Every structure is written in structure tokens, then in C-alpha cells.
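Examining the three-dimensional arrangement
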Amino acid sequence: MATTDLGPTPGAGRVRSAPGARLAGDRSARARLVLAGLAVLLCVVAVASLTVGATGTALWPVLKTLASGEALAPRDRIVLLDIRLPRMAMGLLVGGALAVAGAVMQGLFRNPLADPGLVGVSAGAGLGAVGTIVLGGLLPAWIAAPFAGYLVPVAAFAGAWITTLLLYRVSTHHGRTSVAVMLLAGIALQALAGALSGILVYLANDAQLRDLTFWNLGSLAGATWSKVLAAGPIILLALCVVPFLSRALNALALGEAAASHMGIPVQRMKNISILCVAAAAGAAVAVSGGIGFVGIVVPHLLRLAIGPDHRFLLPASALLGGALLIAADMIARTVVAPAELPIGIVTAVLGGPFFLWILLRNRAALGG
Amino acid sequence: MLEAVGIEVTLAGTPVLKGVDFAARAGEVTVIAGPNGSGKTTLLKAMTGEVAYAGSVTLEGADVTSMKGWELAMRRGVLPQAAQLSFPFTVLEILRLGLQAGRMARRADLPVAALERVGLSGFEGRFYHDLSGGERQRVQLARVLLQVWEPVADGRPSWLLLDEPVSALDIGHQLEVMEIACDYARRGGGVVAVMHELNLTAMYADRVALLHGGRMAMQGAPREVLTDEMLSRVYGCRVRVNAVPEGPVPFVLPQAAGI
Ligand SMILES: Nc1ncnc2c1ncn2[C@@H]1O[C@H](COP(=O)(O)OP(=O)(O)OP(=O)(O)O)[C@@H](O)[C@H]1O
Ligand SMILES: [Mg+2]
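My aim in this report is to walk through the structure given alongside it, one point at a time. Predicted model only: the values in this text are computed from it and were never measured.

Our next topic: the packing of helix H1 (residues 28–51) of chain A against helix H13 (residues 294–306) of chain A. Packed helices, taken two at a time, are described by the angle their axes make and the gap between the axes. Residues and elements named next belong to chain A. The geometry of H1 relative to H13 is characterised by a closest axis approach of 9 Å and an angle of 135 degrees between their N-to-C directions. If you check the angle between H1 and H13, you find them oblique. The segment H1 lies against H13, with Arg30, Ala31, Val34 and Leu38 engaging Leu302, Ala305 and Ile306. Taken together, the residues that form the contact of H1 with H13 break down as 6 nonpolar, no polar and 1 charged.

Here you go:
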């Protein structure tokens, strides 16, 4: 069995004991501190995002009006409650979901480079969305009507779900999932979904092309309460289950065999992890399009700060992922105001170089 | 008693174990020896459920397939031949993984004791990836020890299954690790160790199981098994037991205390 030593070594040497009676090598105190800091950061970013926007509505005067008991101007009410608030909520949900899905996948694949995008889940969701944007008009009314505005998200959901099922069928044999087969199958599915999407793009008209571009790059611009309510419960359910996987994911770092010798029900735990990843990533992609790199960058940064212990890594990923996406959305809304960048461009510009940096740091372990 | 009866394992279409019977008693160190590829690791993996096998494996008379994973984890620790770690954990964090899998999960003081036991005091804060091969091997042993810290728990023996626990160690640490294994057995636990070092085996084993080409060539006390003819036949080279050959190079023979 080959020894895999992926994963960078943050800093050199040793982790010293914090002041007090803690043991050297115990990073839990620092992790708790970082978690608290991230919670504060998230609150600050969330409130800040409510004050930024193309319209002139500012938060503080509005709060003052509210505090003095007067009624809000209808315009301010709409801007705040129906535009900025759902957008902030969606950034929080999608960012948290993508980051946690990334962290769980990396733990499951025992590889800091794994990502929901990698095993084709996002591509499958993308195919569903592209298919509906281009061919949706051909659907008989009795199918399309009940979904009205949700047709694209619903189709993206379905795509993510089907891809995950296919992936699972291909890579599971005699009740065991091979991580290598799963990764390779993911690459194949991704290529297939990408090719099919590419064919569909040729059939698209100009208006559809614009929609496609926006969807492909990812955006929170379409945030509405109904989308938040569609994706929110699924994402929250996945986020609630994931903490119970922490100990198993930690043990898995020592290999599947070692984890099962430590009493971890490896097979069941892998199944649950895959379900959580598909739910969180699928729901996120469904409402926001292909927002890349959050799932790789956030867990990686956090591992540098607090170590790879999933008991802390998973909640921290949710917090930082949410904060990061809300912040990226603020950038997307302001740099080219009054127009707006797709947020996927912002995360790609920030995340692309970072990803290369991770690759460089891991080059030796990857056989380069 | 850890007992394997009629174990047959086929890997990638090739029969690797062809009907192996093996037994180890609690309170003893049982060594599995044999040439490369003879099936030592495979036998250990069959007994820990890592590879599919025909035959039966019982622990104190109970079929292991009828036991829950966490239940088995409380009763036996397994040291793999090749350990891996995919994220930068510290030594302490790794030891705690072992501790949490066993019945002493609440004893936060034990990791320090385990490190001292394997001669790595003060290594708690080191990153595993920064350690030398031998240091890593001893950290893994400490992790396994923490999982089954008490040699006897609830009146039943605990088991250590070790695949080449001293392969990366210098002679001093080889003796240290073998002393740990011996001590564990003396206090009532069971130890099964795969070994290439026949001198250490002679010094520390209570019983030796010699594998050859997927079959059990012989099982018995060291002085019955470690003979000129048997070793020469199994290892395919001239072996003389109890004869230090005259020659141009120095011959180093480590000796256990009290021998
Ligand atoms: N996954 C596998 N697929 C096919 N053959 C295998 C597999 N694993 C082991 N084998 C073969 O089974 C035989 C026994 O392997 P095993 O690892 O048990 O040997 P070993 O006695 O532990 O050797 P070593 O002293 O080198 O550790 C070898 O011939 C090996 O090539
Ligand atoms: Mg072996």
C-alpha cells in the first residue's frame, strides 16, 4: 500500500502549548477562538452587505426610522426586505453549503484538492439548468406550469441528484466505494455533462446565451425569498447531519482500514457523506449557478489556521464560506456599479491563483 | 484466544492463502514469520476483516463477523504495515483518535504516558509529517496501544495485532517495542506480531507461526520452529541456527536483557 502524504504542513516544527495547562499539539482552544471570531466576522459582513447596493438606500437611516416607530418608505422596505435580505441569506446559505461540501469531500477522499465540482455534481446540476434554459420552451405547458419561475433550479436539482446516483452506482462494488474509481467516474461524468451542455449552447438563441453565461459564471442576482426557501431547508439539513461525521472523517485520515479498526462504520459513513455533499452542493448550485473555488479555498485556509480536526473544520467552513460569499457578492455588486459582475467571476479571480498556490505546495505529494 | 481456521484468500484471481490454520493465546506473544509474499499481511488482514476470506475467525470463541465494529475496536488494536495520514495532524491529535476509539476515552493523561512508553516524550506538539520513519512507526504504535490500553478489560483479554512493528526501528528501539509487546502479554493481553527479524522472534516470541507460499509451514515454540532445516527450506537460503559464522565482517547480535 502506498503511503499518501498529501496535505501541507502549516508552519514548521511544532505546535506549542498555549499558556495554561494545555498540552502541546492541542489546537482545540485556538480552534474555538477562531470559531468565535468567524461568527463575529460573519455578522459584520452580513450587516455590511445590507448597506451596499445600486440604490441609494442606506441602512442606518432606515434603522433609525424603524427605532423611532415610524413606517418605512415603501421603496426602502422593498430594497431591504425583498432584495438585499434574501440576497444576503442566499449568499450565507450557498457559501456555507459549498464550503462544507468541499470540506466533507476532502475528508472523504483524503485529498485537499477534492471538491463537489470535481465529481461532476456541479456539472450535472449545470446540465439540468442549461437544458431547461435552452429547451424549456419546448416543454408541454402542463409540465412547465407548476414550476413557473423555478424551472431552472428544479432541473439543476435533478441533474445533481442523477449525477450523484450514477456516480454511486459506478463506484460502488460489493458494498464498497472505491475513492479512486469514484474520482475517475466523476471526471467522466463531468466531461459528459459538459459536452452535452456544450451541444445545447449551440442550439441557444441570443437571449438564452446571455442567461447561460450568467448561470455558468454563477450569480446571486436572482435571489428571492422563494429560492432561499427552496434551497434553505435542504442545505440546513445537510449542515445539521455533517457534524456527526466529524470523528469518522478524522479517523479516515489514517486510511479506510485504520478507521474501520478504530470502530468507524466506514461504509455507512461514506454513504452519508456522499448524500450530504450531493444535497448541499446540488441545492447551492441550483439557486446560484456554478460558483467555483469556495469549496477548495475555505477549508484549506481553515486547515492552516486551526488544523484538520473536522469537529472544528466543518462549522468553521460553514461560517467562513458564508462570510466569504457575502463579501464576494458585495464586491460583485459594487466594482462595476450600477452594473453587476457575476459572483463566479469574483470567486474565480480570487480562488484561481489560490488554487494554483495549493497545487504548488502539494506538488511533491502529487508526484510532480 | 484468537483463532483462524481454514482461511482461504484469493486476491485478483490468485490464491494467496490456501487453507491456513492459526491460533494465538492471550498472555503470549505470537509471531507470524515467513518470506516476502508468503501471506503474513494477508493473514492479518483476514483476521481483521480487511480482505474477504473463506473460513472462520473467532475471538474468545465468538465469530468476529458477528461483532460490531466499535465492539471489536474496544478489544483489539491493529497496527498496519504501511500507515498513512492525509492531513497535517499533530502527534497528540493522532493519539487522541486512538484513545477515543477505546474504552479509556476519558483519560486525557494517557497520550503523554503512551508517548513515554514508546520513547517519544515531548513529541505531542510535533507534526506527524515532520517525523522520521521510525518515529512515525512508534507514534502509530502508541495510537494502537491507547486504543486497547488495558491488556485485560472486563475480564477479557485485549489484543494487539502488529504488522512489522519494528521494521523501521534501530536495534535499541526494536528491543524497546518488543519489551512493550512482551509486557502487554505478561499482563494478560494477546499479541500477534508479523516479524522478519528472527533473532528478535527467538528472544521474545512464545509461539512462532511460519508461513510459506500461502500455507502454514509450522507453528510452535521458537526452538521447535527456528531450526536449520525449516528456515533453510522456507526462506530458500542457507541458515544456521546457533552458529556465529567465521567471516570477514562483524556479526551483530542484539541480546535481550536477562538472556
Ligand atoms: N491486492 C492484491 N492483489 C493481488 N495480489 C496481492 C494483493 N495483495 C497481496 N497480494 C499478493 O499476495 C501475496 C501475499 O502478500 P502479503 O502482503 O500477505 O505478503 P507478506 O507475507 O506480508 O509479505 P511482506 O513480507 O513483503 O510484507 C503476495 O504474493 C502479493 O503479491
Ligand atoms: Mg506484509
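Having seen the structure, we can now continue with the description.
Right, let's talk about the nonpolar core for a bit. Judged by nonpolar contacts, the single largest core of 130 residues is most densely connected at Val94 and Ile291 of chain A together with Val118, Val139, Leu141, Leu160 and Val191 of chain B. In terms of residue count, the dominant contributor to this core is helix H3 (residues 74–109) of chain A (14 residues). Beyond its immediate stretch of four places on either side in the chain, valine 139 of chain B contacts Val91, Ile94, Leu95, Leu120, Tyr128 and Leu131 of chain B. The next biggest cluster of nonpolar side chains, apart from the first, holds 27 residues, and it includes Ile32, Val57, Leu59 and Met216 of chain B.

Turning next to the site of ligand 1. Residues and elements named next belong to chain B. Surrounding ligand 1, one finds 14 residues, the nearest of these being Asn36, Gly37, Lys40, Thr41 and Thr42. At 2.9 Å, a backbone N or O of glycine 37 approaches an oxygen atom of ligand 1. Protein chains shield 60% of the accessible area of ligand 1, which is 630 Å² for the free molecule. Broken down by element, the residue count for the shell around ligand 1 peaks at 3 residues, all from helix H1 (residues 40–47). The residue inventory of the shell around ligand 1, partitioned by class, reads 4 nonpolar, 8 polar and 2 charged.

Our next topic: the pairing of strand E12 (residues 215–220) of chain B. Residues and elements named next belong to chain B. Sheet topology note: the strand E11 (residues 207–212)/E12 ladder contains 5 bridges and is antiparallel. Pairing of leucine 211 across the sheet is with methionine 216, part of E12. Adjacent in sequence and paired antiparallel, E11 and E12 are bridged by 2 residues, among which glycine 213 carries a positive phi angle near 55 degrees.

Calculation notes
- Residues numbered from 1 in each chain as written.
- Chains lettered and ligands numbered in written order.
- Predicted model: local features only at pLDDT ≥ 70, side-chain atom pairs only at ≥ 80, totals over all residues.
- Heavy atoms only, no water.
- Axes fitted to C-alpha atoms, helices over the stretch in contact; angles between N-to-C directions.
- Helix = DSSP H or I, 4+ residues; strand = E, 2+ residues; numbered from the N terminus.
- Parallel < 35°, antiparallel > 145°, perpendicular 65-115°, else oblique.
- Contact = heavy atoms within 4.5 Å.
- Nonpolar A, V, L, I, M, F, W, Y, C, P; charged D, E, K, R; others polar.
- Core = buried A, V, L, I, M, F, W, Y, C linked by side-chain atoms within 4.5 Å.
- Buried < 20%, exposed > 50% of the residue type's maximum accessible area, 1.4 Å probe, protein only.
- Near = heavy atom within 4 Å.
- Polar contact = N/O pair within 3.5 Å; in protein donor to acceptor, adjacent residues only side chain to side chain.
- Areas by Shrake-Rupley, 256 points an atom, 1.4 Å probe, with all protein chains shown as cover.
- Pairing = 2+ DSSP bridges.

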